[in-house]
Amino acid sequence: MNRPVPYPNDTRAKGWRFELDHERIEQSDTWALAPADVRPWLLMLWLSAWRQEPCGSLPNEDELIAVRIGMPMKTFAKVRSKLMRGWWEAEDGRLYHDTVTKRVLEMLSARDAERRRKAEYRQRKEAERTGLSHGTADGHQQDDTRSDTGRDDTGTGTGTGTSTSKEETTTTSRTTSGLVGADVQSPTKAGAICKAIRAKGIADVNPSSPELLALIAKGVPVETFEAAAEICAKATPPKGFAYLLGIVKRQLGEAAAIASGVGMPAKPWDESRTSIEAKGEEIGLGRWNEHDLSVNRETFPQYTARVRRAVEQRQGEPA
């Protein structure tokens, strides 16, 4: 019996990038069994499946598969056993592969999470607008504070519709975090910072965010927010404004710990790919060539060992 279809038949990538996991590829049995001249065709096969509908599937017809990847039919017939290893037929008559299917399911999960996040954001903004829409009623001046910001309501009128100039100034100077006497320029600064963040690709900014205003009050410069925005925009899937604020708060905490004299152990340079490649560039070896798919290509562990030897030669001691 054919296996069930793993996801809806109208699933499409819609611009979602298909990224190759080099370590997973190198550890796969299919990659190990495939001759060197067949391996590039494997990559083309996976890419072609990603572009199909449903995403990650192939038609159960050899000639169509060969045409899709640009391989001559005679060549396809010779290497079919290696090329199509691991593909199975589902109830819809199309072919699926567990590894590619897993990537599709991860994509769908990320999309669902993004939809939920946007829906929650819209609900929150609607609640804020509802709180701000009360205005004045029955001659009573209402504080324009949103109900979910944690501010007190001491700016509410007395029932006569009047308030002293001092009271108005005090209310204006409050930030949405409930702090009195905050920098009255904070909204302007917050707007400028949000504009800079939006320019980096983060759309769901909120100039009135209590966390943002608190960070501005602590003197965090716009460059720090821009750097965090670049990290969020490059993440897979891309992160939003809340995640960005978390990065900035963590950096602020680390800076405070250093300033207070709290010792922070240095992280080993060889604990991650990013730090290893950074060390390689620092000592003149450059980054690992991940695009080299030749038979004698240098694997990442081999590259790491080469960087480690170079570091040991420079320092005269184990890295």
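In the block above lies the structure referred to throughout.
Before going into details, it helps to say that this report is about the structure given with it.

Calculation notes
- Residues numbered from 1 in each chain as written.
- Predicted model: local features only at pLDDT ≥ 70, side-chain atom pairs only at ≥ 80, totals over all residues.
- Heavy atoms only, no water.
- Helix = DSSP H or I, 4+ residues; strand = E, 2+ residues; numbered from the N terminus.
- Buried < 20%, exposed > 50% of the residue type's maximum accessible area, 1.4 Å probe, protein only.
- Arc of directions from axis to C-beta.
- Contact = heavy atoms within 4.5 Å.
- Polar contact = N/O pair within 3.5 Å; in protein donor to acceptor, adjacent residues only side chain to side chain.
- Core = buried A, V, L, I, M, F, W, Y, C linked by side-chain atoms within 4.5 Å.

## With respect to unusual backbone geometry
Reasoning step 1: Here the residue pair Glu53 and Pro54 is connected by a cis peptide bond, since its omega of 5° sits within 30 degrees of zero.
Reasoning step 2: Omega for the peptide link from Thr236 to Pro237 comes to -5°, which places this bond in the cis form.
Reasoning step 3: Turning to its location among the elements, Pro237 is positioned in the loop between helix H10 (222-234) and helix H11 (241-259).

## Observations concerning helix H5 (residues 73-83)
Reasoning step 1: Within H5, burial applies to Phe76, Val79 and Leu83. Along the long axis of H5, the arc covered by the buried residues comes to 100°, so they all point the same way. The outward face of H5, more than 90 degrees from its buried face, is lined by the exposed residues Lys74, Ala77, Lys78 and Ser81.
Reasoning step 2: Looking at the packing, one finds that the buried side of H5 touches helix H3 (39-51), helix H4 (62-69) and strand S2 (87-89).

## Re the environment of Asp92
Reasoning step 1: Relative to the elements of secondary structure, Asp92 occurs in the loop between S2 and strand S3 (95-97).
Reasoning step 2: Take Asp92: its relative accessible area is 30%, and that puts it in the partly exposed class.
Reasoning step 3: Asp92 sits 33 residues away from Pro59 along the chain, and the two C-alpha atoms are 10.0 Å apart.
Reasoning step 4: For Asp92, the residues in contact, after removing those within four places along its chain, are Val5 and Pro54.
Reasoning step 5: Side-chain polar atoms of Asp92 contact the backbone nitrogen of Arg94, separated by 3.0 Å.
Reasoning step 6: A polar contact of 2.7 Å, which involves the side chain of Asp92, links it to the side chain of Tyr96.

## Describing the nonpolar core
Reasoning step 1: Core analysis: the biggest nonpolar cluster contains 30 residues, and Leu45, Trp46, Leu58, Leu83, Met84 and Trp87 have the highest contact counts within it.
Reasoning step 2: Sorting the residues of this core by element identifies H3, H4, H5, S2, S3 and helix H6 (98-132) as the ones contributing at least two each.
Reasoning step 3: The greatest single-element share of this core, amounting to 6 residues, is contributed by H3.
Reasoning step 4: Non-local contacts of Met84, meaning those with residues more than four positions away in its chain, are made with Leu45, Leu58, Ile65, Phe76 and Leu95.
Reasoning step 5: Ile193, Val220, Cys232 and Ile247 belong to the second-largest nonpolar core, a separate cluster that totals 20 residues.

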